[in-house]
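# Architecture at a glance
One-letter residues, chain by chain:
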Amino acid sequence: MKLLFITSSRIGDAVISTGLLNHMVTKHPGIDVTVAAAPLTLPLFEAVPHLNRLIPIKKRSFSRHWLTLWQQCRQEKWDIVIDIRGSLVSYFLKTPERYVWKSSKAVDHRVDQLGRLLGVTPSPPPYLWLGLRHLQKAQSLIPDSVPVLALSPAANWIGKQWPAKSFSRLVEQFLKNHDAKVAVFAAPQERTMVQAIVNGIPRDKRIDLVGRLSLLETAACLKQCKVFVGNDSGLMHMAAAMGTPTIGLFGPSDDRLYAPYSPPETPIHQVVRIPESLNELKKIPGFAFDAPRTFMENFKPETVCEVLEGMWGKQKDSHKKA
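Note that the structure is a prediction, hence the values are computed from the model and not measured.

Bringing the packing of helix α1 (residues 11–27) against helix α8 (residues 234–241) into the picture now. Orientation of α1 relative to α8, taken along the N-to-C sense of each, is 25°, at an axis distance of 7 Å. With respect to α8, the element α1 is oriented roughly parallel. In the packing of α1 onto α8, the handedness of the crossing is left-handed. Contacts from Ile11, Gly12, Val15 and Ile16 in α1 reach Gly234, His237, Met238 and Ala241 in α8.

By size, the foremost hydrophobic cluster in this structure holds 58 residues, and its most contacted members are Leu21, Leu44, Ile82, Ile142, Phe185, Leu209 and Met238. Beyond its immediate sequence surroundings of up to four residues, isoleucine 82 is in contact with Leu3, Leu4, Phe5, Ile6, Leu20, Met24, Tyr99 and Leu118.

What follows covers the environment of serine 123. The residue serine 123 is located in the loop between α3 (110–118) and α4 (132–141) in this model. Considering only alpha carbons, one finds serine 123 and aspartate 13, 110 residues apart in sequence, at a separation of 15 Å. When sequence neighbours within four positions are dropped, the list of residues in contact with serine 123 reads Val111, Asp112, Gly115 and Tyr261. Here aspartate 112 takes part through its side chain, which lies 2.7 Å from a polar atom of the side chain of serine 123.

For the rest of this paragraph, the subject is the packing of aromatic side chains. Under the definition given, this model contains nine aromatic pairs. Considering the side-chain rings of phenylalanine 5 and phenylalanine 45, the 6.3 Å spacing of their centres and the 55° angle between planes classify their relative orientation as tilted. Here phenylalanine 45 lies in the loop between β2 (32–37) and β3 (51–56) and phenylalanine 5 lies in strand β1 (residues 2–6), a separation of 40 residues in the sequence. We note that phenylalanine 5, like phenylalanine 45, is buried. Ring centres of tyrosine 127 and tryptophan 129 lie 5.4 Å apart, and the angle between their planes is 70°; on these two criteria the pair is classed as edge-to-face. Judged by relative accessible area, tyrosine 127 falls into the partly exposed class, the value being 39%. Assessed through its relative accessible area of 7%, tryptophan 129 is described here as buried. Members of the aromatic cluster, each reached through a chain of ring pairs, are Trp157, Phe287, Phe289 and Phe295.

Let's shift gears to unusual backbone geometry. Here the bond from threonine 121 into proline 122 is cis, since omega is -5°, no more than 30 degrees from zero. Within the secondary structure, proline 122 is located in the loop between α3 and α4. Phi at phenylalanine 62 is positive, roughly 60°, even though this residue is not glycine. By secondary structure assignment, the location of phenylalanine 62 is in the loop between β3 and α2 (64–73). According to the relative accessible area criterion, phenylalanine 62 is exposed, its value standing at 79%.

Moving on: a nonpolar patch on the surface. Together, Leu88, Tyr91 and Phe92 line one region of the surface with nonpolar side chains, adding up to about 380 Å² of accessible area. Looking at the secondary structure, you find leucine 88 in the loop between β4 (80–83) and β5 (98–100). Leucine 88 sits in the exposed class, given a relative accessible area of 64%.

Thresholds, definitions, all that
Once a new chain begins, its residue numbering starts again from 1 and follows that chain's sequence as written. Whole-chain, interface and lining totals are the exception, using all residues; otherwise, since this is a predicted model, local features are given only for residues with pLDDT of at least 70 and side-chain atom pairs are given and counted only at 80 or more. No hydrogens and no water enter the side-chain calculation; it runs on all heavy atoms of the structure. Here an angle of 0 to 180 degrees is reported between the N-to-C directions of two axes, which are lines fitted to C-alpha atoms, with helices fitted over the stretch in contact. Going along the chain from the N terminus, every DSSP run of H or I of four or more residues is numbered as a helix, and every run of E of two or more is numbered as a strand. Any angle from 65 to 115 degrees is called roughly perpendicular, while one under 35 is roughly parallel, one over 145 is roughly antiparallel, and all others are oblique. When the near helix sits turned anticlockwise from the far one by under a right angle, the crossing is termed left-handed; a clockwise turn instead gives a right-handed crossing. We call two residues in contact whenever any of their non-hydrogen atoms come within 4.5 Å of each other. Take the buried Ala, Val, Leu, Ile, Met, Phe, Trp, Tyr and Cys residues and link them wherever side-chain atoms come within 4.5 Å; each set so joined is a nonpolar core. Note on exposure labels: buried denotes an accessible area under 20% of the residue type's maximum, exposed denotes more than 50%, and partly exposed covers the range between, all computed with a 1.4 Å probe on protein chains only. Counting of polar contacts relies on pairs of N or O atoms within 3.5 Å, with two restrictions inside protein: one atom must be capable of donating a hydrogen and the other of accepting it, and residues adjacent in sequence are counted only when both atoms are side-chain atoms. Pairing of aromatic rings covers Phe, Tyr and the six-membered ring of Trp, with a centre-to-centre limit of 6.5 Å; geometry is then stacked below 30 degrees between planes, edge-to-face above 60, and tilted otherwise. Residues qualify for a patch when their relative accessible area is over 30% and they have no salt bridge, like charges being joined within 9 Å and the nonpolar side chains of Val, Leu, Ile, Met, Phe, Trp and Tyr within 5 Å. Each accessible area is a Shrake-Rupley result for a 1.4 Å probe, and residues are judged covered by the shown protein chains and nothing else. One speaks of a salt bridge when a side-chain nitrogen belonging to Lys or Arg is within 4 Å of a carboxyl oxygen belonging to Asp or Glu.

Laid out in structure tokens, this is it:
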């Protein structure tokens, strides 16, 4: 039995889609899996069970990357095709069972929207597969004996970034109250965005993981942490998928769609957003989704600290993950 899974070019959206793949892998034990995705997100799927092939979708002018994908897949007879990208290529592949995402104006969580695509209830939550080497790497950097706060201060757009000085004040207050360490996560190109925060953490309390890890090593390290705090980003969704209690900081993005996801029966994650709604932000003079400024100034570190203290206390005796 063969499955072709075509998924997103953005890390957060790709993580959100993993619940569908996990559902299929669980429903059809031994299914032969091929994943097609952008080179950025493809490493998320390296440890998927019964993985046959990873196909990079390298963007080309005039959408020629879809023609390339079709050429790579057209000879196969697929039993199931799932296309989160909503591409036309899926309709030109041989398969008796085809699920193609179509844009929606629904305002419930994207995980629930994807669940409806397959007609699955309850919606399958995001899930990341780890190999032994990823787990061993994480253990070497964040041993079980150390309670660690994970911090993700960057985002793919400055508008969604809580100011660095606010992250630093949060860490300062947190370390006054707790004998713990702080791990800072970011991509190599985000070093300049987060360096001031890293420098402000005492050396004996600092775990600097900026630019040091693969995606699945990052996921394994996030799993080792006791609580995660970060902007709406791919790392936020990765932390939530690993079961780490997650505080997502939201401003100019819709938390109804993209909050860190947990099943309704086990709500372990929490959103903290600025006082303004997304619609109110859009009315601010100069607001644009490519504006070179943050729109996250309007809540104080004390607000986030209060939520963090409550979440940290709940995890007092359970920072070690099974």
